[in-house]
Amino acid sequence: QVQLVESGGGLVQPGGSLRLSCVGSGSIFFSTYPMGWYRQAPGKRREWVATMTGGGSSSYASAVKGRFTISRDNAKNAVYLQMDDLSLEETALYYCNAFVKETYSSTLQDYWGQGTQVTVSS
């Protein structure tokens, strides 16, 4: 069974930085497929933040481009999100996402972590 576990959230002041981590288990195919990050602020819909393909191509939401950096370590089934110059409006629960299949399955599907809270406050 695929599982994603995030870490690295916390409280940061406006303009500060945080680095989120996500490690996957339950599949030997993580390195082949995209992994990324989403976030959901209180009272709002979950929104896409960034994605990196297995080959290392990255894409970002316009709101975070230039301030956030996504990276991967395929040997560890891990994806990271370096967040710089955070603003109050970016307080949210940040979720790791992987579009992958379990080791003994042929079905590709979205998997989600439990989320890690990022709070930007002065």
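In this report, the structure presented in the accompanying data block is examined. As the structure is a prediction and not an experimental result, all values here were calculated from the model.

### Some details on the environment of M35
At step 1: Checked against the element boundaries, M35 lands in strand β4 (residues 35-40).
At step 2: For M35, a relative accessible area of 1% gives the class buried.
At step 3: Sequence separation of M35 and A50 is 15 residues, and the distance between their C-alpha atoms is 8.7 Å.
At step 4: For M35, the contacting residues outside a window of four places in its chain are L4, F30, T51, M52, I70, R72, N77, V79, C96, N97 and A98.

### Observations concerning the sheet that holds strand β8 (residues 78-83)
At step 1: One open sheet accounts for four strands, arranged β1-β3-β8-β7; its pairing is antiparallel. Each end of this open sheet is capped by a strand with a single partner; those strands are β1 (3-7) and β7 (68-73). For this sheet, the mean inter-axis angle between neighbouring strands, taken without regard to orientation, is 15°.
At step 2: Bridge analysis of β1 against strand β3 (residues 18-25) gives five bridges, and the strand direction is antiparallel. In the sheet register, S7 faces β3, and the bridge partner there is S21.

The rules behind each value
- Residues numbered from 1 in each chain as written.
- Predicted model: local features only at pLDDT ≥ 70, side-chain atom pairs only at ≥ 80, totals over all residues.
- Heavy atoms only, no water.
- Helix = DSSP H or I, 4+ residues; strand = E, 2+ residues; numbered from the N terminus.
- Buried < 20%, exposed > 50% of the residue type's maximum accessible area, 1.4 Å probe, protein only.
- Contact = heavy atoms within 4.5 Å.
- Pairing = 2+ DSSP bridges.
- Axes fitted to C-alpha atoms, helices over the stretch in contact; angles between N-to-C directions.

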